[in-house]
Amino acid sequence: MMTVSSAATTPRLRFAPSPTGYLHVGGARTALFNWLYAKHFGGVFLLRIEDTDKARSTDESERAIFNGLEWLGLNWDEEVVHQGANLERHQRDAQALLDAGAAYRCFCTAAELDERRKEADSRKEAFKYDRRCDRLSADEVERRVAAGEPHVIRMRAPDTDVEWNDLVHDRIAFPGKDIDDFVILRSDGTPIYNLAVVSDDIAMRVTVVMRGDDHISNTPKQILIYRALGAELPTFAHLPMIHGLDGKKLSKRHGATAVGDYQHLGLIPGAMLNFLALLGWSPGGDREVMTMEEMIELFSVDGLQRKAAIFDPKKLEWMNGQHLSVISLEELEPRVTPAIIAAGLADVKTLEDRREWYRSLLDLLRVRARTIDDIVRQAIPYFADQIEYDADAVAKYWKDPSEARSILSATKDALAAGPWDSISLESALRTLADTRGVAAGKIFQPLRVALTGLTVSPGIFEMLMIMGRDLALHRLDTAIAKLA
Ligand code: GLU
């Protein structure tokens, strides 16, 4: 018979951002990994806003976090927890640590500590709190507290090593001598990060703490707090840092680092998620392009990587192109339409009136696009009255204007002569090529430039069909006139 309650076995993970800036792609990556773990193992994903730093926390940045997570679809399963609302519990836990003899009050002032730090520096020694307040008598402590003397609370760090089995790094050990008697509660009664996090993670029954590598040095301190509070340890997982292509920590120097920036650039959230998932995790093999469902299915602890992940914007763009060509038209259309309208190519009514045509156009264009902007750029010839001719396209395919003009005139006549369906159009152009004794490309390429002004476009017959007889012939007339 099962004796373990299911609550005890349900993984509980959290994303715990500080609302002191925008949602960074690194934060989003951490959120995603926690989310994937929770979804893969049938667990719960929680969100905690670490707003204890009142001076730096803003509502605006909290909103940016919510928006970013919502855009990515990383929904949290329980009500959002605000760390700042838990002050009383943090203080109670500090008191419990004092009562358990795991912590002590320290009356040393900031100035005194500074002085001692300088002395240590001058002796070229690492500064470590010398525990002098831990040697005060109980009576003295009581007297000074009663007198209202300001003081902090420090954990009494043991001299033995602290170690844990990290999901990413396996065994990590910190020598006891390297762990200071660290402060957990400031003299104004507010908690230090390590206390607040552990107190909240215990209260939220978090079983897996997954966060960036930069927190590894906090973990031994947090483990000491867990133990002293008599709480069960969660499993820890420290994800690799994210670097730019130059191998340096990802920062604004490398370009956009806010999730919101990518949202506004018209990225597909599924592509962003897929790209972020590969920053520190691999599903194995050469597999790269995945839907969210596939990532949930494939997620595994074994696939988590130790080495720093590289943020390559070109790869993100490539990934976006991959997703653009596979998402449903239902998802694609509402993403492209606002951009088409903003570019002044059409209004809502036109698009609604020609819905079927519009959707086939999107389906045709998305194959060669990496971004929504690419689709909009390629859509211009199908809407605009006048097009611009790309200089390279002209130089390459209309090199000899009178020759190009003659080909385009013959092309126009051939196309206009028969019915407008792809089989007839193709046979008309191939016959023309045969008659002129040239390769089909010699007919197709100048035509492509006449129709779109571009060197790259969908297949010529698909394009003629979508463009329709009137517009295509009008484009040919314009080109012929231009070449005269
Ligand atoms: N607020 C911390 C941060 O933003 C949370 C770290 C943790 O997950 O414990 O890095």
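Scope of this entry: the structure provided in the associated data block. (Residues numbered from 1 in each chain as written. Predicted model: local features only at pLDDT ≥ 70, side-chain atom pairs only at ≥ 80, totals over all residues. Heavy atoms only, no water.)

Regarding the overall build of the chain
Inclusion rule: Strands here are runs of E lasting at least two residues and helices are runs of H or I lasting at least four, both read from the DSSP assignment and numbered beginning at the N terminus. Computation of the radius of gyration draws on C-alpha atoms, with the globule rule given as 2.2 Å multiplied by the number of residues to the power 0.38. Think of it in three bands: with a 1.4 Å probe and only protein chains considered, a residue is buried below 20% of the maximum accessible area for its type, exposed above 50%, and partly exposed in between. Methods summary: accessible areas were calculated by the Shrake-Rupley approach with a probe of 1.4 Å, and residue burial reflects only the protein chains presented. When charges are counted, neither His nor the chain ends are considered; positive counts come from Lys and Arg and negative counts from Asp and Glu. Where a charge lies is defined by one atom per residue type: Lys uses NZ, Arg uses CZ, Asp uses CG and Glu uses CD.
Within the chain one finds 22 helices and 12 strands. Its C-alpha atoms give the chain a radius of gyration of 32 Å, more than 25% over the compact-globule value 23 Å for 484 residues. In terms of overall dimensions, the chain has a C-alpha envelope of 110 × 65 × 40 Å along the principal axes. Considering the chain as a whole, with its 484 residues, one finds that 46% of them fall into the buried category. Summed over its atoms, the accessible surface of the chain is roughly 23600 Å², and 51% of this surface lies on carbon and sulfur atoms. Between the mean site of the 60 positive side-chain charges and the mean site of the 72 negative ones, the chain shows a separation of 3 Å.

Points about the sheet that holds strand β5 (residues 152-155)
Selection rule: Here a strand pair is declared whenever DSSP counts at least two bridges between the two strands. Angles run from 0 to 180 degrees between N-to-C directions of axes, and those axes are lines fitted to C-alpha atoms, restricted for helices to the stretch in contact. Any two residues whose heavy atoms approach within 4.5 Å are treated as being in contact.
The sheet built from 3 strands is open, its strands ordered β4-β5-β8 with antiparallel pairing. Here the strands that pair on one side only, and so sit at the sheet edges, are β4 (103-106) and β8 (183-185). Averaged over all adjacent pairs, the angle separating strand axes in this sheet is 45°, with direction ignored. As paired elements, β4 and β5 share 4 bridges and run antiparallel to each other. When the bridges of β5 are listed, Tyr104 appears paired with Arg154. Seen against the sheet, helix α4 (residues 87-99) touches β4, β5 and β8 and runs at an angle of roughly 105° to β4.

As for the layout of surface pockets
Threshold: Detection works on a 1 Å grid of protein atoms alone, calling trapped sets that fit a 1.4 Å probe cavities and calling open sets with protein on both sides within 12 Å along at least five of seven lines pockets, with lining residues defined by an atom within 4 Å of a point. Grid points are joined across faces, edges and corners, and a volume is the space filled by probe spheres set on the points. Think of it as three bins: nonpolar holds Ala, Val, Leu, Ile, Met, Phe, Trp, Tyr, Cys and Pro, charged holds Asp, Glu, Lys and Arg, and polar takes everything else, Gly as well.
Counted as a void, the largest pocket has a volume near 1000 Å³. Around the largest pocket, the lining comprises 38 residues; the ones closest to its centre are Ala16, Pro17, Ser18, Asp214 and His215. With 5 residues, the top contributor of residues to the lining of the largest pocket is helix α2 (residues 25-40). Looking at the lining of the largest pocket residue by residue, the class counts come to 15 nonpolar, 13 polar and 10 charged.

Brief notes about the pattern of salt bridges
When charged atoms on two side chains of opposite charge get close, those side chains can pair. Applied cut-off: When a carboxyl oxygen of Asp or Glu is within 4 Å of a side-chain nitrogen of Lys or Arg, the pair counts as a salt bridge.
Scanning the model with the defined rule gives 34 salt bridges in all. The partner of Asp170 in a salt bridge is Arg306, and the shortest N-O contact between them spans 2.8 Å. Here Asp170, found in strand β7 (residues 170-174), pairs with Arg306, found in the loop between α11 (292-298) and β12 (309-310); they are 136 residues apart in sequence, far enough to count as distant. On the accessibility criterion, Arg306 (46% relative accessible area) is partly exposed. Put simply, Glu333 and Arg359 hold a salt bridge, and the shortest N to O gap is 2.9 Å. Residue Glu333 is located in helix α13 (residues 329-342), and its partner Arg359 is located in helix α15 (residues 355-365); the two are separated by 26 residues in the primary sequence. The buried category is assigned to Glu333, whose relative accessible area is 12%. The structure contains a network of salt bridges with shared partners spanning Arg14, Arg48, Glu50, Arg89, Asp200 and Asp201.

Focus on the packing of α15 against helix α16 (residues 372-383)
What counts here: In what follows, roughly perpendicular refers to angles from 65 to 115 degrees, roughly parallel to angles under 35, roughly antiparallel to angles over 145, and oblique to any angle outside these ranges. Handedness of a crossing follows from how the near helix is turned relative to the far one, being left-handed for an anticlockwise turn of less than a right angle and right-handed for a clockwise one.
Running from N to C, α15 and α16 cross one another at 135°; their axes reach a closest spacing of 10 Å. The angle between the axes of α15 and α16 places the two elements in the oblique class. Crossing angle aside, the handedness with which α15 passes α16 is right-handed. Contacts between α15 and α16 involve Trp357, Tyr358, Leu361, Leu362 and Leu365 on the former and, on the latter, Ile375, Gln378, Ala379, Tyr382 and Phe383.

Details of the nonpolar core
Spelled out, the test is: Definition of nonpolar core: a set of buried residues of the types Ala, Val, Leu, Ile, Met, Phe, Trp, Tyr and Cys, connected through side-chain atoms within 4.5 Å.
Ile340 and Phe383 are the most contacted members of the largest nonpolar core, which totals 108 residues. The element contributing the most residues to this core is α2, with 9 residues. Ignoring anything within four residues of it in the chain, the contact list for Phe383 reads Ile340, Leu345, Ala346, Leu351, Trp357, Tyr358 and Leu361. Among the nonpolar cores identified, the runner-up in size contains 28 residues, and Met155, Val162, Ile172 and Leu224 belong to it.

As for the site of the ligand
The condition is simple: Being near a molecule or strand, for a residue, comes down to having at least one heavy atom within 4 Å of it. In protein, a polar contact requires one atom able to donate a hydrogen and another able to accept it; more generally it is a pair of N or O atoms within 3.5 Å, and residues adjacent in sequence count only if both atoms are side-chain atoms. Pocket occupancy is defined atom-wise: a molecule lies in a cavity or pocket when more than half of its atoms are within 2 Å of its grid points.
Surveying the vicinity of the ligand reveals the residues Arg14, Ala16, Ser18, Glu50, Tyr193, Val197, Arg211 and His215. Contact distances for the ligand include 2.8 Å between a nitrogen atom and a backbone N or O atom of Ala16. Between the ligand and His215 there is a distance of 2.8 Å, counted from an oxygen atom to a side-chain nitrogen or oxygen. Of the pockets mapped on this structure, the ligand occupies the largest pocket. Residue classes in the shell around the ligand are distributed as 3 nonpolar, 2 polar and 3 charged.

A closer look at the packing of aromatic side chains
Defined as follows: Between 30 and 60 degrees the pair is tilted, below 30 it is stacked and above 60 it is edge-to-face, where a pair is any two Phe, Tyr or Trp rings, Trp via its six-membered ring, whose centres lie within 6.5 Å.
All chains considered together, the criterion is met by 13 aromatic pairs. On the basis of an interplanar angle of 90° and a centroid distance of 5.4 Å, the ring pair of Phe444 and Phe461 is categorised as edge-to-face. Note that Phe444 is positioned in helix α20 (residues 440-452) and Phe461 in helix α21 (residues 460-467), a separation of 17 residues in sequence. Relative accessible area serves as the criterion here: at 11%, Phe461 is assigned to the buried category.

Points about α20
The condition is simple: Each residue after the first adds 1.5 Å to the expected span of a helix.
Taking 1.5 Å of rise per residue, 13 residues should cover 18 Å, and α20 covers 18 Å from first to last C-alpha, within 8% of that figure. Buried residues belonging to α20 abut α16, α17 (391-397), α18 (401-417), α19 (422-436), α21 and α22 (469-483). In the segment just after α20, Gly453 is the residue with positive phi, at about 80°.

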